[in-house]
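Chain by chain, the residues:
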Amino acid sequence: MRENSGIGRRRFFTTAAALGGTAAVGGVLAGQATAAVQDGATGTSGLVTVTPSDAQYGEFVHGMNNRYVGNPEAVQVVGDVSQVPGVVQAAVSAGKRLTVRSGGHCLEDFVFNPEVQVVLDLSRLDKVYYDAGRRAFAVETGARLLDVYTLLYQLYGVTVPGGICYSVAAGGHVSGGGWGLLCRQLGLIIDYLAAVEVVVVGADGKVRTVVATNSADDPNRELWWAHAGGGGGNFGVVTRYWFRTPGATGTDPRKLLPKPPREVYLLAQSWPWESMTEAKFSRLAQNYARWFAAHSAPGAPELALASFLVLTHKSAGQIAMVTQVDATAPNARQLLDSYLAAIGDGVDVPTGAVTRQFAEFGPMAAYAEPRKLPWLEATRYLGTTNSNLTDPTYRQEYKSAYMRGAFPDRQLAALYKHLTRTDLTLPGASITLSSYGGEVNRIAPSATGYPHRESYFKLMWMSLWNDPAEDAAYIAWNRQCYAEVYADTGGVPVPNDVTDGCYVNYPDNDLGDPQYNRSSTPWHSLYYKGNYPRLQQVKKTYDPTNFFRHAQSVRLP
């Protein structure tokens, strides 16, 4: 079964001990209840040190991308947030290079590389509870997204608009901005970030813990701003986030975060590559681009619909699209039908069931016609029908771009050329177009560390393969396709009227290599645009020795 979400390994419970409040199951005292996700096996929270002599060492020295395997002297697995400062202080005092892992989904070598001597593993920091003192929901950084959604919704009927993949942990996901199928309706997960707890290192080498909030009078507010989309691994170790809807009042937790749709329509359809000409392919991709460019204004009724179109390499057999619509929205089924008609307009290729692997998702033949599901069931299904999260042999390569409008013809021609190349058989190569805009764009680019508030959809180049012997072919394909699509702007999606830079949560070391980025726009401007100088000042204030660093971390000014 793919539904290996970890729910079966953990139990939900309410506890008064967490914050000294009154606990209640079933909502009788919901305004006072605190809820948590706890290790149901032992309940232990001791610090565990894993070294190369331990049998389990191999479990802790790589993430989801098996291209990167580390060899640290030790992995420190903390069981409580109070243990983090001691681990960091020990590394600082010993002059050891330390990196941090929460969910293991970093796509580059930022956590696992030969220079790293100590890995701080936060995966056991997985508690999620209502903090009555802050009137907000606390989420520790090792908590996995599906566990967060399940607890918030089952106990309180609320959610945060985060990502699809079930096992991504809150740590890096939130700090990079977050993305999910509810973002058009609700915004990004960082748009509900009320506070963040960060362990930082001062100029004197002393470690301290700072709680930074979004309050205008908070002297540490800039640290909050930086963690609202300014990227992970830059300023310190995040141990907890707190979430609350901006402007929410009262103490009832059921009213302090948004409610997801009660039900959604879920549809997965495909177009056979064998019937695709270049003209039909271009029409399909352009239809998608134009629809979201035209229907992404904040407050628009079309925000009830989210969709991602997966342009696979021809050797995969099918192009696929997954669409979710808030079934409680007015005229929801009519919206879905009109969207499908617009996407298929002029393509003249019959759609069918998705019967093959596409990008990271498995076949979805049961969804060839729209099915109405409870929101959490649909979220669980999409999050776990994902071989990238369940196959431990995958090797990966990623690139990204934001789009502010329709595709120029030259970009469509380059996409088609590389997706239909016959000199290579690359069923694991794909480019996913993901809907954006809407409530994401209601907020100014400078209001948070995340600057991409003017785009309508984003692109993700994703290559997945199992055999190390195929590394060169897949990596070269990604690079060549990306370079030709953005040939007019130096091989990268420079912010302009068409493109809007890159997504920091899909990190790409090539952006800092002049062999691949031939533009005059540096990697940090692709990720952070005009926000980068401000992020540098936060770095100077809270990490003046540059203790927390990786290949693309924010640099000291």
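For the structure, check the block above.
Residues numbered from 1 in each chain as written. Predicted model: local features only at pLDDT ≥ 70, side-chain atom pairs only at ≥ 80, totals over all residues. Heavy atoms only, no water.

A. Region of the structure containing the overall build of the protein. Helices and strands together make up the secondary structure of the protein, namely 13 helices and 18 strands. Relative to its length of 557 residues, the protein is compact, with a C-alpha radius of gyration of 23 Å against a globular reference of 24 Å. Principal-axis analysis of the C-alpha atoms gives the protein an extent of 60 × 55 × 45 Å. Counting across all 557 residues of the protein, residues that qualify as buried make up 61%. (Helix = DSSP H or I, 4+ residues; strand = E, 2+ residues; numbered from the N terminus. Rg over C-alpha atoms; globule rule 2.2 N^0.38 Å. Buried < 20%, exposed > 50% of the residue type's maximum accessible area, 1.4 Å probe, protein only.)

B. Local environment of unusual backbone geometry. The backbone of D348 sits at a positive phi, close to 55°, despite the residue not being glycine. By the element assignment, D348 lies in the loop between α7 (332-344) and β15 (371-374).

C. Geometry of the sheet that holds strand β14 (residues 318-326). A sheet is described by the order of its strands in space; here seven strands give the open sequence β15-β12-β14-β13-β17-β18-β16, paired in antiparallel fashion. Either end of the sheet is taken by a strand with one partner, and the two such strands are β15 and β16 (395-403). Taking each pair of neighbouring strands and ignoring which way they run, the sheet shows an average axis angle of 20°. Sheet topology note: the strand β17 (residues 429-435)/strand β18 (residues 457-465) ladder contains seven bridges and is antiparallel. What sits directly across from I431, in β18, is W461. Seen against the sheet, helix α8 (residues 375-384) touches β12 (263-272), β14 and β15 and runs at an angle of roughly 100° to β15. In this fold helix α11 (residues 471-485) packs onto β16, β17 and β18, with an angle of close to 160° to the strand it touches most, β18. (Pairing = 2+ DSSP bridges. Axes fitted to C-alpha atoms, helices over the stretch in contact; angles between N-to-C directions. Contact = heavy atoms within 4.5 Å.)

D. Expanded view of the side chain of D218. Within the element layout of this structure, D218 appears in the loop between β10 (207-213) and α5 (221-227). At 2.8 Å, the side chain of D218 and the backbone nitrogen of N220 are in polar contact. The contact partners of D218, leaving out residues within four places of it in the chain, are V211, A212 and T213. (Polar contact = N/O pair within 3.5 Å; in protein donor to acceptor, adjacent residues only side chain to side chain.)

E. Representation of the sheet that holds strand β4 (residues 74-77) in the model. Strand order in the open sheet formed by four strands is β3-β4-β6-β5, and the pairing between neighbours is mixed. Two strands close off the open sheet at either side, each with one partner strand: β3 (48-50) and β5 (98-101). This sheet shows a mean twist of 25° between the axes of neighbouring strands, independent of strand direction. Sheet topology note: the β3/β4 ladder contains three bridges and is antiparallel. Directly across from V48, in β4, lies its bridge partner V77.

F. Here's a closer look at the nonpolar core. Counting residues in hydrophobic clusters, the biggest one holds 146 residues, and the most contacted among them are F243, W271, F407, L459 and W461. In this structure L459 touches K399, S400, A401, M403, F407, I431, T432, L433 and Y486, once residues within four positions along its chain are discounted. Listed in part, the 18 residues of the second largest apolar core include V78, V118, V207 and F547. (Core = buried A, V, L, I, M, F, W, Y, C linked by side-chain atoms within 4.5 Å.)

G. Spatial organisation of the packing of helix α6 (residues 278-294) against helix α10 (residues 409-419). Look at α6 against α10: their axes get within 10 Å of each other, and the N-to-C directions meet at 120°. Relative to α10, α6 is oriented oblique. The interaxial crossing formed by α6 with α10 has right-handed handedness. On α10, the residues touching E278, F281, S282, A285 and Q286 of α6 are L412, A413, L415, Y416 and L419. Of the residues assigned to the contact of α6 with α10, the class counts are seven nonpolar, two polar and one charged. (Parallel < 35°, antiparallel > 145°, perpendicular 65-115°, else oblique. Left-handed = near helix turned anticlockwise from the far one by under 90°. Nonpolar A, V, L, I, M, F, W, Y, C, P; charged D, E, K, R; others polar.)

H. Geometry of the packing of aromatic side chains. By the definition in use, this model includes 30 aromatic pairs. Residues Y288 and F457 carry aromatic rings whose centres are separated by 5.8 Å and whose planes lie at 90° to one another, so their mutual orientation is edge-to-face. On the criterion of sequence distance, the pair formed by Y288 in helix α6 and F457 in strand β18 is long-range, its members being 169 residues apart. Here the two residues Y288 and F457 agree in accessibility, since each one is buried. Note on Y402 and Y503: the rings are 6.2 Å apart at their centroids and 75° apart in plane angle, and the pair reads as edge-to-face. With Y402 in strand β16 and Y503 in the loop between α11 and α12 (523-528), this pair connects stretches of sequence that are 101 residues apart. (Phe/Tyr/Trp six-rings, centres within 6.5 Å; stacked < 30°, edge-to-face > 60°.)

I. Geometry of the pairing of β14. Of all nine residues in β14, nine are buried, a share of seventy percent or more. Of the two faces of β14, the one holding Q318, A320, V322, Q324 and D326 and the one holding I319, M321, T323 and V325 are both buried throughout. Summarising the sheet, β12 and β14 pair through nine bridges and their orientation is antiparallel. In the strand pairing of β14, V264 is matched with D326. For strand β13 (residues 305-312) and β14, the ladder comprises six bridges, and the chain directions are antiparallel. Each bridged residue has a counterpart across the sheet, and for L305 the counterpart in β14 is V325. Taking the residues that link successive antiparallel strands as the turn, the β13-β14 hairpin has five residues, and the phi of G317 there is positive, at about 95°.

J. Focus on α7. For α7, which comprises 13 residues, the first-to-last C-alpha distance of 19 Å matches the rise-based estimate of 18 Å (1.5 Å per residue) to within 8%. Among the residues of α7, A332, L335, L336, Y339 and I343 are the ones counted as buried. Down the axis, α7 shows its buried residues gathered within 100° of arc, on one side only. Buried residues along α7 sit against β12, α6, β13 and β14. Once α7 finishes, G346 follows within two positions and takes phi at roughly 80°, a positive value. (Expected span 1.5 Å × (residues − 1). Arc of directions from axis to C-beta.)

K. Focus on the environment of E302. Tracing the sequence through the fold places E302 in the loop between α6 and β13. In this structure the C-alpha to C-alpha distance between E302 and E360, which are 58 residues apart in sequence, comes to 27 Å. Residue contacts for E302: discarding those within four places in its chain leaves R184, W291, H295 and L335.

L. Structural detail: the environment of Q269. One can find Q269 in strand β12. According to the relative accessible area criterion, Q269 is buried, its value standing at 8%. Taking the C-alpha atoms as reference points, Q269 and Y398, 129 residues apart in sequence, are found 24 Å from one another.

M. Spotlight on the pattern of salt bridges. Within the structure shown, the criterion is met by 23 salt bridges. Notably, a salt bridge pairs D337 with R333, separated by 3.1 Å at the nearest N-O pair. Of this pair, D337 and R333 both sit in helix α7, four residues apart, which is roughly one turn of the helix. Overall, the relative accessible area of 36% leaves D337 in the partly exposed class. Here E484 and K417 are joined by a salt bridge, their closest N and O atoms 3.1 Å apart. You can see E484 sitting in helix α11 and its partner K417 sitting in helix α10, a full 67 residues away along the chain. Exposure remark for E484: the relative accessible area of 32% places this residue in the partly exposed category. The partly exposed category is assigned to K417, whose relative accessible area is 44%. What you see here is one network of salt bridges that share partners, running through K399, R479, D508 and D510. (Salt bridge = Lys/Arg side-chain N within 4 Å of Asp/Glu carboxyl O.)

Everything listed is a geometric property; what it means functionally is a separate question.
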